[in-house]
Amino acid sequence: MSTEPRINDRIRVPEVRLVGPSGEQVGIVPLAKALELAQEYDLDLVEVAATARPPVCKLMDYGKFKYESAMKAREARKNQAHTVIKEMKLRPKIDPHDYDTKKGHVVRFLKQGDKVKITIMFRGREQSRPELGFRLLQRLADDVQDLGFVESAPKQDGRNMIMVLGPHKKKTEAMAEARALADARKAERQGRGPAADEADELDETAEAVELVEDADDAETDEVTEAAEVTEAEQPAEAAQDA
């Protein structure tokens, strides 16, 4: 069923309660008179309250009205804040460099107003020492306490230990700050010369390279973890064969 209001000749009632272009009340008039006024003002006759008796109609530029409504809806969607839970996986004996890299990702997520689920993955004999994972989670929570808080305390879940960090900053606030920063950078770039634009492009390229390197580090971690799992399982398989 269409939700579009009836306009002009599609309105099929003998009389309407007419509202003028500026919102003034014209009163109850025959439909023919309302259509005549619409032509006189070069506007559309739009049914705005079909269930009223008689129906309420308004003189307006319907095309412009639809466009403005669509823009308002688009702006409302842009300002909506969707709760997102990011996830970061660590090993109990993580390398200091890898820890700093993954902590940087957690910091970025919290600055964006997102929650972060931290998972410590235990493998082999590590499962007998859950305190390693607990201390690592506590360390991470302390390192990012200015940006987030422990929403869900560390708890064991099978071979994993999980903690959830929540951001101090709301998603809407983070989005507003990000837009303001982007606008400020754009204004600054427009006020400077081509050399500054080139420097900005070089900075952006460097950031992109850094992101790629981080992704490579993450991939290397996953390969190393898979290899460690295989090594841990081989003795068990050998014992079963024996």
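S.K.: Help me get a handle on the sheet that holds strand E6 (residues 115-121), residues and values and all.
M.R.: The strands making up a sheet are joined through hydrogen bonds of the backbone, oriented either antiparallel or parallel. A sheet is described by the order of its strands in space; here 4 strands give the open sequence E5-E6-E8-E7, paired in mixed fashion. Each edge of the open sheet is held by one strand with a lone partner, namely strand E5 (85-90) and strand E7 (148-157). Ignoring which end each strand starts from, the neighbouring axes of this sheet average 20 degrees apart. When E5 meets E6, the two strands line up parallel, connected through 6 bridges. Considered in E6, the bridge of Met-88 is made with Ile-118. Packing against the sheet, helix H3 (residues 96-111) makes contact with E5, E6, E7 and strand E8 (160-167), and its axis sits at approximately 170 degrees to E5. Helix H4 (residues 130-143) rests against E5, E6, E7 and E8 of the sheet, and its axis sits at about 10 degrees to E8.

S.K.: Please set out the sheet that holds strand E2 (residues 25-30) residue by residue, giving values where relevant.
M.R.: Taken in spatial order, the 4 strands make up an open sheet running E2-E1-E4-E3, and their pairing is mixed. The open sheet is flanked by E2 and strand E3 (44-49), the only strands paired with a single partner. Between one strand axis and the next, the sheet turns by 35 degrees as a mean value, whatever way the strands run. The pairing of strand E1 (residues 15-19) with strand E4 (residues 56-60) spans 3 bridges and is classified as parallel. Opposite Val-19, over in E4, you have Lys-58 as the bridge partner.

The rules we used
- Residues numbered from 1 in each chain as written.
- Predicted model: local features only at pLDDT ≥ 70, side-chain atom pairs only at ≥ 80, totals over all residues.
- Heavy atoms only, no water.
- Pairing = 2+ DSSP bridges.
- Helix = DSSP H or I, 4+ residues; strand = E, 2+ residues; numbered from the N terminus.
- Axes fitted to C-alpha atoms, helices over the stretch in contact; angles between N-to-C directions.
- Contact = heavy atoms within 4.5 Å.

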